[in-house]
Every structure is written in structure tokens, then in C-alpha cells.
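Residues per chain, in single letters:
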Amino acid sequence: MHVLMLQVLPVLKPVDKCWQPADFLPDSSDPDFLDKVGGQQLQAGGAICTALYMYVRSKLCSCKEAATAAARYEVWFTCVV
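Residues numbered from 1 in each chain as written. Predicted model: local features only at pLDDT ≥ 70, side-chain atom pairs only at ≥ 80, totals over all residues. Heavy atoms only, no water.

**Comments concerning a nonpolar patch on the surface**
Together, Leu4, Met5, Val8, Leu9 and Leu12 line one region of the surface with nonpolar side chains, adding up to about 460 Å² of accessible area. With respect to the helices and strands, the residue Met5 is situated in helix H1 (residues 2-8). With relative accessibility at 41%, the residue Met5 sits in the partly exposed group. (Patch = residues over 30% accessible without salt bridge, like charges linked within 9 Å, V, L, I, M, F, W, Y side chains within 5 Å. Areas by Shrake-Rupley, 256 points an atom, 1.4 Å probe, with all protein chains shown as cover. Salt bridge = Lys/Arg side-chain N within 4 Å of Asp/Glu carboxyl O. Helix = DSSP H or I, 4+ residues; strand = E, 2+ residues; numbered from the N terminus. Buried < 20%, exposed > 50% of the residue type's maximum accessible area, 1.4 Å probe, protein only.)

Here it is as C-alpha cells:
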């Protein structure tokens, strides 16, 4: 374990240097906070659908009918979301 710590610790970033999700949100004390969040939601658009589609496709990649199955899931995601 000592060897592992010597090899891994130098590669890790300090916690205070890592980004946090809140770094990408507008300041909540700003009077235009809701407008800015709404703008971010518009920019995100169909990102959730795309992420789900890519996740399912990656899980099906070993299947012979992956392309057909992925297309079916894409249609399903657009209906659900």
C-alpha cells in the first residue's frame, strides 16, 4: 500500500483546485439569478436526452442489433422527456 500511495498521491489534485458544479451556476444573490438560470436551461436544451441515449448505446455496443435498439431507445427518450 505504501508504494501505491507514493505513486498515486503525486498525481492527485488538491481538493481546493478541483471544480465544483456550483462554479458553473450564477450567483444566487444576483437579482437576475432566475433569468440567468433560465438561460442556462435553454442552452442545455436536449443534453439530458443525448446523455441518456449515449449511455444506453454504450451498454448495447456488444449487441448485434445495437443500432436498431439504440434507435428505438432514442424514440422512447423523446417521448418520455
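Additional details are given in the paragraphs that follow.
**Considering helix H2 (residues 33-44)**
In this model, H2 (12 residues) spans 17 Å end to end at C-alpha, consistent with the 16 Å of a helix rising 1.5 Å per residue. Taken from the residues just after H2, Gly45 is the one with a positive phi, measuring 45°. (Expected span 1.5 Å × (residues − 1).)

**Section: the pattern of salt bridges**
The final tally for this structure, using the stated rule, is one salt bridge. In this structure, the salt-bridge partner of Lys36 is Asp30, at a minimum N-O distance of 2.5 Å. Lys36 gets classed as partly exposed once you look at its relative accessible area, which sits at 42%. On the basis of relative accessible area, Asp30 is assigned to the partly exposed category, the value being 22%.

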